[in-house]
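Structural description and commentary
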Amino acid sequence: MPEPQRMTTRLKTLFQRPELFVLAGGINPIGAKMAEAVGYDSFYMSGGNTSAHQLGWPDSGTSMRDMVDNARKIVLTVQIPVFADADTGYGDAISTHYTVREYIQAGIAGAHIEDQTFPPKSGPRRRCISIPEMVGKLRAAMDAKQALDSDFVIMARCDLGGVPGASFAEIIERCQAYKAEAQVDVVCPNGLRTWEEIQEAIRLIPGPVVPLIPAHLSPYPSLQAQQDAGAAAAWFPALTTMAGLQANWDFLSDFQQRGTLALDALRAQAAQSPWGVASNGRILDESRLRSMEEMYLPD
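We now turn to the structure provided with this report. For every chain, the first residue of the written sequence is number 1, and numbering continues from 1 onward in sequence order. Restriction of local features to residues with pLDDT of at least 70 applies here, the model being predicted, together with a cutoff of 80 or more for giving and counting side-chain atom pairs; totals for whole chains, interfaces and linings are based on all residues. Computation of side-chain values: all heavy atoms of the structure, hydrogens and water removed.

Structural notes on the packing of aromatic side chains
This is how it is decided: Note on aromatic contacts: the rings of Phe and Tyr and the six-membered ring of Trp form a pair at centre separations within 6.5 Å, being stacked when their planes are under 30 degrees apart, edge-to-face when over 60 apart, and tilted otherwise. The helix and strand labels rest on DSSP assignments: H or I over at least four residues marks a helix, E over at least two residues marks a strand, and numbering proceeds from the N terminus. Note on exposure labels: buried denotes an accessible area under 20% of the residue type's maximum, exposed denotes more than 50%, and partly exposed covers the range between, all computed with a 1.4 Å probe on protein chains only.
Tallied over the full model, the rule gives seven aromatic pairs. A ring pair is formed by Phe-15 and Phe-21, whose centres lie 5.1 Å apart and whose planes are at 80 degrees; its orientation type is edge-to-face. Centroid distance Tyr-44 to Phe-83: 5.9 Å. Interplanar angle 40 degrees. Geometry classified as tilted. Residue Tyr-44 is located in strand 2 (residues 42-45), and its partner Phe-83 is located in strand 3 (residues 82-85); the two are separated by 39 residues in the primary sequence. For Phe-83, a relative accessible area of 0% translates into the label buried. Through pairs of rings, three or more aromatic residues link up here, namely Phe-15, Phe-21, Tyr-44, Phe-83 and Trp-235.

Description of the sheet that holds strand 6 (residues 186-189)
This is how it is decided: Strand pairing follows a simple DSSP-based rule, namely that at least 2 bridges must link the two strands. For helices, the fitted axis covers only the stretch in contact; all axes are lines through C-alpha atoms, and the angles between them, taken along N-to-C directions, range from 0 to 180 degrees. Should any heavy atoms of two residues lie within 4.5 Å, those residues are considered in contact.
Within the open sheet, the seven strands sit side by side as 6-5-4-3-2-1-7. Their pairing is parallel. Strands with a single pairing partner mark the edges of an open sheet, and in this sheet they are strand 6 and strand 7 (233-236). Sheet twist, expressed as the average angle between the axes of neighbouring strands with direction ignored, equals 25 degrees. Here four bridges tie strand 1 (residues 21-26) to strand 2, and the two strands are oriented parallel to one another. Counted as the bridge partner of Gly-26 is Met-45 from strand 2. Across the face of the sheet, helix 3 (residues 47-55) comes into contact with strand 1, strand 2 and strand 3 while running at roughly 65 degrees to strand 2.

Quick notes on unusual backbone geometry
Following Phe-118, the chain continues into Pro-119 via a peptide bond in cis, with omega recorded as -5 degrees. The topology assignment puts Pro-119 in the loop between strand 4 (110-114) and helix 6 (131-148). The omega torsion of the bond from Ser-218 to Pro-219 falls at 0 degrees, within 30 degrees of zero and hence cis. Here Pro-219 lies in the loop between helix 8 (195-204) and helix 9 (223-229). For Asp-87, which is not a glycine, the phi torsion comes out positive at approximately 55 degrees. Its location among the elements puts Asp-87 in the loop between strand 3 and helix 5 (93-105). Take Asp-87: its relative accessible area is 10%, and that puts it in the buried class.

So, in structure tokens, the structure goes:
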């Protein structure tokens, strides 16, 4: 039998194919397993979600070790490639080289590295490093992957759009430099303000290009619109957590007011789902464990 395709190769192929694919984002193994069960081609492990769900802290609270340890659990759960947030590389170019090696050895298929200062700041305090410094980081990342797995996907994420006073032209200049000077696999312009800017960025930046579209855009660009614009992937960092977060908040609030009547209502609502009732056993394929017990355990 032929050897199964490596996860890095599968992810690289997804980014390079003409058809759009969805990066279904989240935090944990069961979220990744749900994405796989429903039929998504890949899973994205979000740094912001990891910080919130693992540490109870807003975005920027995670370390490289937090991310690698969490990703390793996800990778062991699914048979789809896992793409992960690598923040700023967690330091300078040398730290970035080491981070990429750690990610590859954990079984992650690809990662994005952003051009913010380390540690990254939020809101109006956000700043970005110079283009030459970021190119050095990206070259270090590319050299690290070439030494271990050349198909590991390196995405350069430009976060200049979140810096006060940054212009569209400056964002494009950075994205073009990251591709031309570091030969990264994928480029992500982040922080663009309108769908028109995003479409123009995709046109101007050598591909593959994956824009991180602001959640506040309304109407939100459809998958077909993103495909037509030339995006390589539709990236939703919280796709496996956002609905559950709201649903949990609503249910807990309802239970606080109505007690077990809220539980009865939840069960009745789940029974009417056209996709069936979700449970740990169903999503994680509990029957597989039963088969293993029959195979390996004595009577």
